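Structural description and commentary
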Amino acid sequence: MNWVLAAVDDPRDDPDRMYCGKYPDCDAFISPVPVHIVTDASQLPLDFLYPSAERQLIVGFDCEGADLCRYGTLCIMQLAFSNAIYLVDAILGGKKLMKACKPGLESSYITKVIHDCKRDSEALYFQFGIKLHNVVDTQIAYYLIEKQYGRRRLPGDYISFVKLLADSRYCGAYYIYRISYVEKKEVRILLREDPNFWTYRPLSERMVRAAADDVRYLPYIYHKMMERLSERSLWQLAMRGALYCRCFCINDDEYGDWPSIPSIPDNLTGKGNAPDNEILSVLSVPPWKMGAEILIGGDKGPLDKVFIIGPVKEVRKAEAMLRGRMLD
């Protein structure tokens, strides 16, 4: 993962830092690029299919589907490069196409920039055996940046992708002028009315636009966020990204076949305020003891598990509290 380190002064009031000037290739990230519908691996860039240390990539990433989770159907996987967007059609290309994408999705040489990776990762793992790796989750990054500047996050408060796109620190004006709020709202209504929206073929122009717009600006947002994150936050971003990827992917082997979690770097352990290691804890919860307030998996499940991520001491406290509640 190629991180861009910078001082963490708050750039919110600096208009010169709200646009592209800092990066010579920013225009490529926000300019219109061709959108390709992919049904065969031969249509994808070789650098994605065959990752290498010499040609590392930063790719905007998302998935669309019908009830996207382990039991649903992953229909489209979007990949945003600087010069093109690829809509990988998992319906027409099937397991053969997704298998060809597996090395890129699991590679540490390709940074996948995504907003809230948990369900996408779950669908990839249970439907195609893919262990999503090396992600930068913009939802996690957003709150790490907010924390750096002393802004507290309320429980259950999650920044939506639409709100992130509208934030002038990360995208703002580019999003307002190039993507229709009205159309995105219409697509959300269609999804509520017909959960199978993404299964229909051929893809309509509206489907193609909606899928492409969900990843078009992610590489640009990545650069804008990286310049604001401290070294400590960068480690937390990598750590939590790895934990979020495996969060809903529990199986009989737990997480034994997943890549190792990033360790605390030496440049942070030697400081007086070194961060605590972070872990993912999974509790088995008897169905008759489940309550809405602890149903972290939600309607899509798994319904018999509670997932807790955070510093070790805080996770242990939460475990004790939850176990105490289940015994009441």
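Owing to the predicted nature of the structure, the values given are computational and were not obtained by experimental measurement.

1. Notes on helix 5 (residues 138–148)
Note on helix geometry: an α-helix contains 3.6 residues per turn, so any two residues three or four positions apart are oriented the same way. Counted residue by residue, helix 5 has nine buried out of 11 residues, so it is predominantly covered. Restricting attention to buried positions, one finds in helix 5 the residues T138, Q139, I140, A141, Y142, Y143, L144, I145 and E146. Buried residues belonging to helix 5 abut strand 5 (110–114), helix 4 (118–128), strand 6 (135–137), helix 6 (161–166), helix 10 (218–226) and helix 11 (231–246). Measuring from the side-chain oxygen of the N-cap residue of helix 5 to the backbone nitrogen of Q139 gives 2.9 Å; that N-cap residue is D137.

2. Side note on the pattern of salt bridges
Taken as a whole, this structure holds 15 salt bridges when the rule is applied. Taking the shortest distance from any N to any O, the salt bridge between K102 and E106 comes out at 2.8 Å. With K102 and E106 both in helix 3 (residues 90–106) and four residues apart, the pair spans about one turn of that helix. The exposure class of E106 is partly exposed, given its relative accessible area of 23%. Of the charged contacts, one joins D213 and R216 as a salt bridge, the two residues approaching to 3.0 Å between their closest N and O atoms. Relative accessible area serves as the criterion here: at 9%, D213 is assigned to the buried category. Among the charged side chains, a salt-bridge network with shared partners connects E146, R151, D167 and R169.

What counts and what doesn't
- Residues numbered from 1 in each chain as written.
- Predicted model: local features only at pLDDT ≥ 70, side-chain atom pairs only at ≥ 80, totals over all residues.
- Heavy atoms only, no water.
- Buried < 20%, exposed > 50% of the residue type's maximum accessible area, 1.4 Å probe, protein only.
- Helix = DSSP H or I, 4+ residues; strand = E, 2+ residues; numbered from the N terminus.
- Contact = heavy atoms within 4.5 Å.
- Polar contact = N/O pair within 3.5 Å; in protein donor to acceptor, adjacent residues only side chain to side chain.
- Salt bridge = Lys/Arg side-chain N within 4 Å of Asp/Glu carboxyl O.

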